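Notes for the structure review
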Amino acid sequence: MDSRPSPVNNLKPDNSTRCRLHVSTGALRGNVAAIRRALPPKTRLLSVVKANAYGLGADHAVRTLLEEGLDFFGVANVTEAMEVRALAPQADILLLSATLPEEDPRLPEHSLLPTISSLDEIERYRDISRATGRPLRAHAKIDTGMGRLGVWHEEAQALLARIEETPEIQLEGLYTHFYDSGDDREGTETQRRRFLAATAGIRETRPGLLLHADNSGGIFSFPGTPFNAARCGLLQYGIAPGRLCGGPLWGSLRPVVSVSARLTLVKNLPAGAGISYSHSHRLTRPSRVGVLSVGYADGIPRSCSNRGRVLVRGQECQMIGNVTMDEIMVDVTDVPEAAAGDEAILIGRQGEKVITMESFSERAGTIPWESLCFFSRRMPRVWGE
Ligand SMILES: Cc1ncc(COP(=O)(O)O)c(C=O)c1O
């Protein structure tokens, strides 16, 4: 029997005739292959599949990525790590967020690699290792300017020295995280310099360590990465992490995600009629108004109200009035053939026109990472070629 999950991952009964988020396996495979080609040979690619693979479905994503030969995954927490472990028994799984003390026993139990940022964590992981009688594999993180996890780069020497003195911890990698690699080249260069300086000593004595700094933006702006690993999330989905995107790699990537919804009603309304809650839009001409079967309960942000666009019969139409829980109104006056049943595109291509995830997010006043995570349980994820 085929052990693959159903291509439609949603509530029952199937809601995917109303709206759907389509994930192209072929585009994902092609993008991962292109990213690997763009990295220096032997660079290890860690696929970031946290938050249910950015909301797309970790089960499908991890299976596809395993088939592409990936063997290294990054997740946020122990719960996500256990889900990935069930799918990928042999892979390395790095916890990108800190663990809570009560989660520590799960690390050896599921062969997970924690991230070390502090002396306290060294002690906790040493104790866990002693309890199991086996060294605990881990990466250490250096804060070069993100101001989140990791030891501040000027204090890294002390932390690394303590790890070196702790045989219970098997250090396998060192990393840092960029705060704006998609847009701020100078800031990213400063972070790289700090990372290289903070790791200079240990890189000499431990040449086998994995060193990683580049995320999607970093992979773009610095194709000649001096590191031997990179962590990639957004770029796998063919979505730009910022305006520094360009060049041959960007040209070879394809969007993986598209989002569509059906028109369930098209009706005429007179000039002056108010649209949706609060009447934030009033018609200035006799209009044809289409009602889309999607709303904020599916993950279309309310901030799209009066700002978002959709494609209907290959033409761009404006969202009018407030986005509601289950419906969004669109002005289809200039698309006279528009009819109930039509499929409208919120993200993706229809005919010659395209609405990208980047432009959808910008109109919603957010970033693609958040847009992806915002799609709710009611929005079916449909995986196909
Ligand atoms: C520590 C860390 N590394 C890598 C990534 C992947 O970033 P991106 O999606 O920009 O590739 C993230 C995502 O937020 C992260 O938190």
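Residues numbered from 1 in each chain as written. Predicted model: local features only at pLDDT ≥ 70, side-chain atom pairs only at ≥ 80, totals over all residues. Heavy atoms only, no water.

Here we take up the domain arrangement of the protein chain. Split by domain assignment, the protein chain resolves into domain 1 (39-239) and domain 2 (257-384). Between the C-alpha centres of domain 1 and domain 2 there is a distance of 39 Å. The largest contributions to the domain 1 side of the interface with domain 2 come from Y54, L56 and I239, which together make up 52% of the buried area. Taken together, domain 1 and domain 2 are joined by two residue pairs in polar contact (both at pLDDT 80 or more). Every element with two or more residues in the side of domain 1 that touches domain 2 is listed here: α2 (50-54) and α3 (58-67). Among the elements that take part in the side of domain 1 that touches domain 2, α3 stands out by supplying three residues, more than any other. Looking at the side of domain 1 that touches domain 2, its residues break down into six nonpolar, five polar and no charged. (Domains from an automatic or database assignment. Buried area = accessible area lost by both parts, 1.4 Å probe. Polar contact = N/O pair within 3.5 Å; in protein donor to acceptor, adjacent residues only side chain to side chain. Helix = DSSP H or I, 4+ residues; strand = E, 2+ residues; numbered from the N terminus. Nonpolar A, V, L, I, M, F, W, Y, C, P; charged D, E, K, R; others polar.)

Our next topic: the side chain of R192. If you trace the backbone, R192 turns up in helix α8 (residues 185-205). Given a relative accessible area of 8%, R192 falls into the buried group. At a separation of 2.7 Å, a polar atom in the side chain of R192 contacts the side chain of D214. (Buried < 20%, exposed > 50% of the residue type's maximum accessible area, 1.4 Å probe, protein only.)

What surrounds the ligand is a group of 13 residues, the closest being K50, Y54, S216, R231 and G233. Within the side chain of R148, an N or O atom sits 3.1 Å from an oxygen atom of the ligand. When the free accessible area of the ligand is taken as 400 Å², the share hidden by the protein chains comes to 92%. Of all elements in the fold, only α2 and β11 (229-232) reach the threshold of two or more residues within the shell around the ligand. Here the residues of the shell around the ligand are counted per class, giving five nonpolar, four polar and four charged. (Near = heavy atom within 4 Å. Areas by Shrake-Rupley, 256 points an atom, 1.4 Å probe, with all protein chains shown as cover.)

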